[in-house]
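Below are the chains, spelled out letter by letter.
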Amino acid sequence: MTETVIRRPRPEDADDIAKIYAFDDVVAYTTQLPHRDAAFWRDFYRTRDPDGIELVAEIDGVVVGHLGMILNKAPRRKHVGSFGICVHPAFHGRGVGAALMAEMIHLSDNWLNLIRLELSVASENERAIALYRRFGFEVEGLARMDLFRNGRYGDTTLMARLRTT
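Quick notes on the rules
- Residues numbered from 1 in each chain as written.
- Predicted model: local features only at pLDDT ≥ 70, side-chain atom pairs only at ≥ 80, totals over all residues.
- Heavy atoms only, no water.
- Helix = DSSP H or I, 4+ residues; strand = E, 2+ residues; numbered from the N terminus.
- Rg over C-alpha atoms; globule rule 2.2 N^0.38 Å.
- Buried < 20%, exposed > 50% of the residue type's maximum accessible area, 1.4 Å probe, protein only.
- Contact = heavy atoms within 4.5 Å.
- Areas by Shrake-Rupley, 256 points an atom, 1.4 Å probe, with all protein chains shown as cover.
- Salt bridge = Lys/Arg side-chain N within 4 Å of Asp/Glu carboxyl O.
- Core = buried A, V, L, I, M, F, W, Y, C linked by side-chain atoms within 4.5 Å.
- 1 Å grid on protein atoms, 1.4 Å probe; cavity = no way out; pocket = protein on both sides within 12 Å on 5 of 7 lines; lining within 4 Å.
- Points joined across faces, edges and corners; volume = space filled by probe spheres on them.
- Nonpolar A, V, L, I, M, F, W, Y, C, P; charged D, E, K, R; others polar.

1. Description of the overall build of the protein
Step number 1: A tally of regular secondary structure across the protein gives five helices and seven strands.
Step number 2: Against the globule reference of 15 Å for 165 residues, the protein gives a C-alpha radius of gyration of 15 Å, in line with a compact fold.
Step number 3: Counting only C-alpha atoms and orienting by the principal axes, one finds that the protein spans roughly 40 × 35 × 35 Å.
Step number 4: Within the protein, the proportion of its 165 residues that are buried is 46%.
Step number 5: The long-range fraction of contacts in the protein, counting pairs at least 24 apart against all pairs at least 6 apart in sequence, stands at 60%.
Step number 6: Element-wise, carbon and sulfur atoms account for 51% of the exposed surface of the protein, whose accessible area totals about 9,300 Å².

2. Some points on the pattern of salt bridges
Step number 1: Enumeration over the complete set of coordinates arrives at 12 salt bridges.
Step number 2: Among the ionic pairs, D13 bridges to R7, the shortest N-O distance being 2.7 Å.
Step number 3: Accessibility expressed as a relative area gives 13% for R7, which makes it buried.
Step number 4: The salt bridge partner of E140 is R116, with a shortest N-O separation of 2.6 Å. Highlighted residues: E140 in strand β6 (residues 138-149) and R116 in strand β5 (residues 116-122), separated in sequence by 24 residues.
Step number 5: Each of the salt bridges in this network shares a partner with another, and the network as a whole consists of R7, R10, E12, D13 and E58.

3. Some points on the nonpolar core
Step number 1: Within the largest apolar cluster, 29 residues are counted, with the highest numbers of intra-cluster contacts made by M69, F83, V96, M101, M104, Y132 and F137.
Step number 2: The set of elements that each furnish at least two residues to this core consists of β2 (53-59), β3 (62-71), β4 (80-87), α4 (96-110), β5 and α5 (126-134).
Step number 3: When residues of this core are assigned to their parent elements, the largest contribution, seven residues, is made by α4.
Step number 4: Dropping the residues within four chain positions of it, V96 is found in contact with T4, A57, I59, V64, G65, V87 and F91.
Step number 5: Core analysis: the second largest hydrophobic core is formed by 12 residues, A14, I17, I20 and C86 among them.

4. Quick word on the layout of surface pockets
Step number 1: A volume near 1,000 Å³ is recorded for the largest pocket.
Step number 2: Lining the largest pocket are 41 residues, with Y29, G84, I85, C86 and Y132 positioned closest to its centre.
Step number 3: Taken together, the elements giving at least two residues each to the lining of the largest pocket come down to α2 (24-27), α3 (38-48), β3, β4, α4, β5, α5 and β6.
Step number 4: Of the residues assigned to the lining of the largest pocket, the class counts are 22 nonpolar, 13 polar and six charged.
Step number 5: Estimated volume of the second largest pocket: approximately 190 Å³.
Step number 6: Those elements that provide at least two residues to the lining of the second largest pocket are α2 and β6.
Step number 7: Looking at which element gives the most residues to the lining of the second largest pocket, the answer is β6, with three residues.
Step number 8: Of the residues belonging to the lining of the second largest pocket, the class tally is six nonpolar, four polar and two charged.

What is shown is where atoms sit, not what they do.
Below is the structure:
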């Protein structure tokens with residue numbers, strides 16, 4: 001199997017990132033709208049949090065996964081990071097999401113001194129929930145009818161990972 005390289009994104013990655021989010025079954029599990037262009041994805045995390053972390057997964061020179069983490073700025077919540085992740089559907093089940101998660105947790109634990117990582121995930125996205133559980137995330141709650149997607153309201157599951165050491 002070809003090696004998955006995890007790295008910071010470069011400006012020229014924007015087209016590959018936009019292609020990942022162009023899939024209906026990818027964007028449906030995010031809070032984004034379809035048809036975002038490369039310029040939107042190039043600037044998305046830098047606009048939301050210039051100090052945040054953004055990673056891509058590359059296989060054979062093509063970006064096939066994307067992760068962005070926003071660091072909390074509130075004085076009493078600086079120990080908290082929240083993130084979003086997506087993987088190109090053709091690369092599901094090949095360890096891309098796990099590689100992105102492992103690097104994000106490494107950075108969170110060893111460089112950013114974050115105690116809490118949190119996310120919300122579409123409740124029917126069982127594959128993602130299983131991935132997060134593998135990395136120590138636990139369900140903390142359910143937000144009912146939280147997100148409108150595919151013509152209906154759906155629930156999101158709230159999950160977090162606490163670093164206790």
